[in-house]
Amino acid sequence: MTCTAPPRTVVLVEGTSDRVALATLAARRGRDLAADGIQIIDMGGITNVRAFATRYGPLGRGLTLAGLYDAAQERQLRRGLAGAGFADATRPDGPARLGFYGCQGDLEEELIRALGVDRVGAVIAAAGDGPSLRRLLAMPAQRGRPPEAVLRRFFGSRAGRKERYAALLVAALDPDRVPAPLTAVLDRV
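First things first, this report covers the structure right here in the doc. Predicted model only: the values in this text are computed from it and were never measured.

1. A closer look at the sheet that holds strand β1 (residues 9-13)
The strand order across the open sheet built from four strands is β2-β1-β3-β4, with neighbouring strands paired in parallel fashion. Pairing within the sheet leaves two strands with one partner each, and these edge strands are β2 (38-42) and β4 (100-103). Direction aside, the axes of adjacent strands within the sheet are offset by 15° on average. With five bridges connecting them, β1 and strand β3 (residues 64-70) associate as parallel partners. Looking across to β3, one finds that threonine 9 is bridged to threonine 64.

As structure tokens, then:
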């Protein structure tokens, strides 16, 4: 039986797939985040970071914060954290200093790069979605696009698919190929 401790640390993430990926990776590493007082919270988008950081950070519950975000959203992350009382957010190394780590592109891009196109395709096929991927690849709009871009489109093309594949792709990772931002967040907390 797992004893759930009250949260002492909150990990803020942009979306559900980020939450699923971190939780899956923690479980793979034998960590029980809830028992350790760590809660991963899906903010429903980076534009909500100020509200969540205010609620849980020094101006609110006073919990330790960490997070995962898409590098393209760093400016919004910095503004939101600064508005929530984290003055260091505006420093050049501010997000990392505060425990927030950016995915180059997004989570899916990090996972595709870590696994490689062929292994991602094998995960999709094993999950029974090979025919759906082949239909997408056959569409005129997808011809000539880099395979990584088509895979990212595939993950975003059906409700719940990003979350499902976040778990499956993290489960398929070799331990030495885990994307750095995911490792950094879990090492921090």
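2. What about the packing of aromatic side chains?
As enumerated under the stated definition, the model contains three aromatic pairs in all. Seen from their ring centres, phenylalanine 154 and tyrosine 165 are 5.9 Å apart, and the 65° between their planes marks the pair as edge-to-face. Placement of phenylalanine 154 in helix α8 (residues 147-155) and of tyrosine 165 in helix α9 (residues 161-172) is noted, with a sequence separation of eleven residues between them. With relative accessibility at 1%, the residue tyrosine 165 sits in the buried group.

So, how was this worked out
- Throughout, residues of each chain are indexed from 1 in the direction in which the sequence is written.
- Only residues with pLDDT of at least 70 are given local features in this predicted model, and only at 80 or more are side-chain atom pairs given and counted; all residues enter the totals for whole chains, interfaces and linings.
- Hydrogens and waters are ignored; side-chain quantities use all the structure's heavy atoms.
- Pairing between strands is defined by DSSP: at least two bridges between the two strands are required.
- The way it works is that DSSP assigns letters per residue, a run of H or I at least four long becomes a helix, a run of E at least two long becomes a strand, and they are numbered from the N terminus.
- In this analysis an axis means a line fitted to C-alpha atoms, helices contributing only their contacting stretch, and an angle means the value between N-to-C directions, from 0 to 180 degrees.
- The pairing test for Phe, Tyr and Trp rings, Trp by its six-membered ring, is centres within 6.5 Å, and the orientation test on the planes gives stacked under 30 degrees, edge-to-face over 60, and tilted for anything in between.
- Only protein chains enter the accessibility calculation, which uses a 1.4 Å probe; a residue is then buried when its area is under 20% of its type maximum, exposed when over 50%, and partly exposed in between.

That's the geometry; what it means functionally is another story.
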